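Per-entry structural report
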Amino acid sequence: MRYRAKLCIFPVHFCEPYVSPGKLVIAIDGPAASGKSTTARLVAEALGYVHVDTGAMYRAVTLKVLGAGTDPSDGEAIRDLLGETHVELRRDGTLTRVLLDGRDVTEEIRSPAVTRAVSAVSRHRAVREAMVREQRRMGSAGGIVLEGRDIGTVVFPDAQVKFFIVAGIESRARRRAKELQDRGISPDMRALVEEIRERDRLDSTREESPLKKADDAIELDTSDLTIEEQVRIVVDRVRQVAEGRA
Ligand code: DC
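Residues numbered from 1 in each chain as written. Predicted model: local features only at pLDDT ≥ 70, side-chain atom pairs only at ≥ 80, totals over all residues. Heavy atoms only, no water.

**Details of helix 3 (residues 75-82)**
- Listed as buried for helix 3 are Ile78, Leu81 and Leu82. Each buried residue of helix 3 sits inside an arc of 105 degrees when the element is viewed along its axis, so together they form one side. For helix 3, exposure combined with an orientation more than 90 degrees from the buried face picks out Glu76 and Asp80. (Buried < 20%, exposed > 50% of the residue type's maximum accessible area, 1.4 Å probe, protein only. Helix = DSSP H or I, 4+ residues; strand = E, 2+ residues; numbered from the N terminus. Arc of directions from axis to C-beta.)

Shown next as structure tokens:
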């Protein structure tokens, strides 16, 4: 991706990629519990960018599906339900609150029931189209870090900075366990490893926008990195790109 400082008087999609320094789109993709959420949030904080956890949007839709008693495999029923579903990400200091139809569901979307059903719900084309449209709208002005599964491949294939974050299954399960413990849930490690494996399988084999590394994404294995190191690597790359050094 070239960095070009040029004045563009046409709508963005008619122009060559134009970004002002400090207004880049950063795509961070990777499998569940790879460390991408924490990295994305801290990178956004370091740069003064907006952080969008796109997984939270799919989780909110899944909560709606479960609450409505809709079968997560029923794409048509879910498409109809989307017409009456409103997902909003609202900034609250350094945190992002997730609102579903005006109700704060930030904690609820992390429940085991939602985690179990989210891959089944997010594979439907209607769900993906609605989420991607919203994500593109949010990112259209740049200055944003989006994390998910398909940001660098589908949502913003022209993102100026792309990372694909991976980590060994054991460290991912340990991270997920810590998150659950922090919320007062005592996890079964073996079940966690299985659940992560199954979600990887579903997310990377689905037909619509499967989880995969974009050709031009930098792969970052976080198994043995501290969070500070991960953040520094991404921020350094952003600076290089913004200064035309990459
Ligand atoms: O990042 P997460 O574990 O909270 O994501 C939950 C699920 O949402 C994930 O298993 C697949 C789906 N998802 C997706 O399909 N596309 C994205 N860009 C982000 C998440």
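The structure having been displayed, the exposition proceeds.
**With respect to the nonpolar core**
- Counting 31 residues, the largest nonpolar core has Val61, Ile109, Val127, Met131 and Leu146 as the members making the most contacts within it.
- Looking at this core, the elements with two or more residues in it are strand 1 (25-29), helix 2 (54-67), helix 3, strand 4 (95-100), helix 4 (112-122), helix 5 (125-139), strand 6 (144-148) and helix 6 (151-155).
- Among the elements that take part in this core, helix 2 stands out by supplying seven residues, more than any other.
- In this structure, Met131 is in contact with Met57, Tyr58 and Val61, ignoring residues within four places of it in sequence.
- Residues Ala44, Tyr49, Val161 and Val234 belong to the second largest nonpolar core, which totals 19 residues. (Core = buried A, V, L, I, M, F, W, Y, C linked by side-chain atoms within 4.5 Å. Contact = heavy atoms within 4.5 Å.)

**Considering the site of the ligand**
- The environment of the ligand is made up of 17 residues, and the closest members are Arg59, Asp150, Arg199, Asp203 and Arg206.
- Taking Thr54, its side chain carries an N or O atom lying 3.0 Å from a nitrogen atom of the ligand.
- The fraction of the free accessible surface of the ligand (450 Å²) that becomes covered by protein chains is 98%.
- Looking at the shell around the ligand, the elements with two or more residues in it are helix 2, helix 4 and helix 8 (189-205).
- With four residues, the top contributor of residues to the shell around the ligand is helix 2.
- Looking at the shell around the ligand, its residues break down into two nonpolar, five polar and 10 charged. (Near = heavy atom within 4 Å. Polar contact = N/O pair within 3.5 Å; in protein donor to acceptor, adjacent residues only side chain to side chain. Areas by Shrake-Rupley, 256 points an atom, 1.4 Å probe, with all protein chains shown as cover. Nonpolar A, V, L, I, M, F, W, Y, C, P; charged D, E, K, R; others polar.)

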